[in-house]
2 protein chains.
Amino acid sequence: MTEHENKTTKALTKNQVMVLDVLSKSNAPLTAYGILDLLRDDGFRAPPQVYRALEKLCEFGMVHRLEGLNAFVACSHSHCQNGGLAAFAICEKCGEVREFTPAKMSNQLEEWANSKGFAAKKTTIELSGLCKACNQ
Amino acid sequence: MTEHENKTTKALTKNQVMVLDVLSKSNAPLTAYGILDLLRDDGFRAPPQVYRALEKLCEFGMVHRLEGLNAFVACSHSHCQNGGLAAFAICEKCGEVREFTPAKMSNQLEEWANSKGFAAKKTTIELSGLCKACNQ
DNA sequence: ATTTGATATGTTATATTATAACATATATGT
DNA sequence: ACATATATGTTATAATATAACATATCAAAT
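In this report, the structure presented in the accompanying data block is examined. (Residues numbered from 1 in each chain as written. Chains lettered and ligands numbered in written order. Predicted model: local features only at pLDDT ≥ 70, side-chain atom pairs only at ≥ 80, totals over all residues. Heavy atoms only, no water.)

Once that is clear, we can look at the interface of chain A and chain B. Each partner contributes residues to the interface: chain A has 31 residues there, and chain B has 31 residues. On the chain A side of the interface with chain B, the three residues burying the most area are A:W112, A:F118 and A:L127, jointly 20% of the side's total. Between chain A and chain B we count 2 salt bridges in total. Between B:K121 and A:E92 there is a salt bridge, with its nearest N and O atoms 3.2 Å apart. At the junction of chain A and chain B, the tally comes to 12 residue pairs in polar contact (both at pLDDT 80 or more). Counting residues per element, the ones that place at least two in the side of chain A that touches chain B are β3 (87-91), β4 (97-100), α4 (103-116) and β5 (119-130) of chain A. Here the element with the most residues in the side of chain A that touches chain B is β5(A); it accounts for 12 residues. Alignment of β5(A) against strand β5 (residues 119-130) of chain B, held across 11 bridges, turns out to be antiparallel. By the bridge assignment for β5(B), A:A120 is matched with B:G129. (Contact = heavy atoms within 4.5 Å. Buried area = accessible area lost by both parts, 1.4 Å probe. Salt bridge = Lys/Arg side-chain N within 4 Å of Asp/Glu carboxyl O. Polar contact = N/O pair within 3.5 Å; in protein donor to acceptor, adjacent residues only side chain to side chain. Helix = DSSP H or I, 4+ residues; strand = E, 2+ residues; numbered from the N terminus. Pairing = 2+ DSSP bridges.)

For the rest of this paragraph, the subject is the pairing of strand β2 (residues 71-74) of chain A. Residues and elements named next belong to chain A. Where burial is concerned, the two faces of β2 agree: the one with A71 and V73 and the one with F72 and A74 are both buried. As paired elements, strand β1 (residues 63-66) and β2 share 4 bridges and run antiparallel to each other. Bridge assignment links V63 to a residue of β2, and that residue is A74. (Buried < 20%, exposed > 50% of the residue type's maximum accessible area, 1.4 Å probe, protein only.)

Let us look at the packing of aromatic side chains. This structure, assessed with the given rule, holds 6 aromatic pairs over all chains. Ring centres of A:F100 and B:W112 lie 3.8 Å apart, and the angle between their planes is 10°; this geometry places the pair in the stacked category. In this pair, A:F100 sits in strand β4 while B:W112 sits in helix α4 (residues 103-116), so the two residues belong to two different chains. By the burial criterion, A:F100 is buried, and B:W112 matches it. Residues B:Y33 and B:Y51 carry aromatic rings whose centres are separated by 6.5 Å and whose planes lie at 70° to one another, so their mutual orientation is edge-to-face. One end of the pair, B:Y33, is in helix α2 (residues 32-38); the other, B:Y51, is in helix α3 (residues 47-59), with 18 residues separating them in the sequence. (Phe/Tyr/Trp six-rings, centres within 6.5 Å; stacked < 30°, edge-to-face > 60°.)

All names here are of chain A. On inspection of all chains with the given rule, the structure shows 10 salt bridges over all chains. E59 is the partner of K56 in a salt bridge, and the nearest nitrogen-oxygen pair spans 4.0 Å. Separated by 3 residues within a single helix, K56 and E59 lie in helix α3 (residues 47-59), roughly one turn from each other.

Moving on, we get to the protein's contact with DNA strand D. For DNA strand D, the set of nearby residues contains 18 residues, the closest of which are A:Q49, A:R52, B:Y33, B:Y51 and B:R65. Among atoms of DNA strand D positioned within 4 Å of the protein, sugar and phosphate together represent 45%. At 3.0 Å from a phosphate oxygen of DNA strand D is found a side-chain nitrogen or oxygen belonging to B:Y51. The contact in question runs from a phosphate oxygen of DNA strand D to an N or O atom on the side chain of B:N70, over 3.5 Å. Of all the secondary structure elements, the ones that give two or more residues to the surface near DNA strand D are α1 (14-25) and α3 of chain A together with α3 of chain B. Taken together, the residues that form the surface near DNA strand D break down as 6 nonpolar, 5 polar and 7 charged. (Near = heavy atom within 4 Å. Nonpolar A, V, L, I, M, F, W, Y, C, P; charged D, E, K, R; others polar.)

Bringing the state of the cysteines into the picture now. Residue and element names in this part refer to chain B. This structure, assessed with the given rule, holds 0 disulfides over all chains. C94 supplies the cysteine sulfur nearest to C91, a cysteine that is in no disulfide, at a spacing of 3.6 Å. A disulfide-free cysteine, C134 has its sulfur positioned 3.7 Å from the sulfur of C131, the nearest such atom. With a relative accessible area of 18%, C134 lands in the buried category. (Disulfide = S-S within 2.5 Å.)

With that out of the way, let us pick up the protein's contact with DNA strand C. Around DNA strand C sit 18 residues in total, of which A:Y33, A:Y51, A:R65, B:Q49 and B:R52 are the nearest. A breakdown of the atoms of DNA strand C within 4 Å of the protein gives sugar and phosphate a share of 46%. Taking B:R52, its side chain carries an N or O atom lying 2.5 Å from a base nitrogen of DNA strand C. If you list the elements that add at least two residues to the surface near DNA strand C, you get α3 of chain A together with α1 (14-25) and α3 of chain B. In terms of residue class, the surface near DNA strand C is built from 6 nonpolar, 5 polar and 7 charged.

See below:
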């Protein structure tokens, strides 16, 4: 049993582990090029190496992409791997990102989707504004 | 009383009108560069002309940005100008975008935000998947 | 009507984000 | 060991977005 496993119980590759590690250690979202810079000394030379790892990690639910920032964060929860809905509150001032799980909202989205026959594969919910500390 | 007005009852500028027009006439989202191409014959030469108009139109609530597509759509409703929440269902296959208004969900997001002291200025909700027709 | 200040526009250049295409290497199953 | 799939390295380029600055237009006050 290796340290990181995805839902298919397959170990992550070397590059996936490195990308996940820098994201996990960061307390703010990172862009693909930011990750690339952090991993130059570890053999990363070009964007595709980062983007390919990110693509898989997002598939596995271990990383989320913040569309509004073109940036990426490690998932705060384990249940995202199980298809759970994730939402994000992004502070415009300090950059803090909080992931949360709007359980009921999920049902309402499903209701709308069901009523219209829309089969949702992915749901993006992002709030941007000011966190408590920055709003004082 | 001019044709287009925003919530401050100020008429749109020439460029804003042209960008809104092409978006309104399009039955699919357009990228900034797509809009630029459509407006070349009308004096548009460079990206900033498009991006500046889009920025204002988004502020006014007359255009929405689809973060997941890096594209823009004219708002389907009038109430978006009043700070209403908008959500989008984007079909991966045919590209159709449906805007809808998840009234109750808005309350739940507010509840979470209130409980955490987060002051949300903007909310992005995007579902991507297959529309009814494409899911047959 | 003219000045003034604010807003909008035009333009060039460049920054940022993302992917195509192809060669090589590593892992996996038989 | 062989065949096949997956992952990696690399170069080049595409697609998206903004900085910076010059000029023009608009709106209000004198």
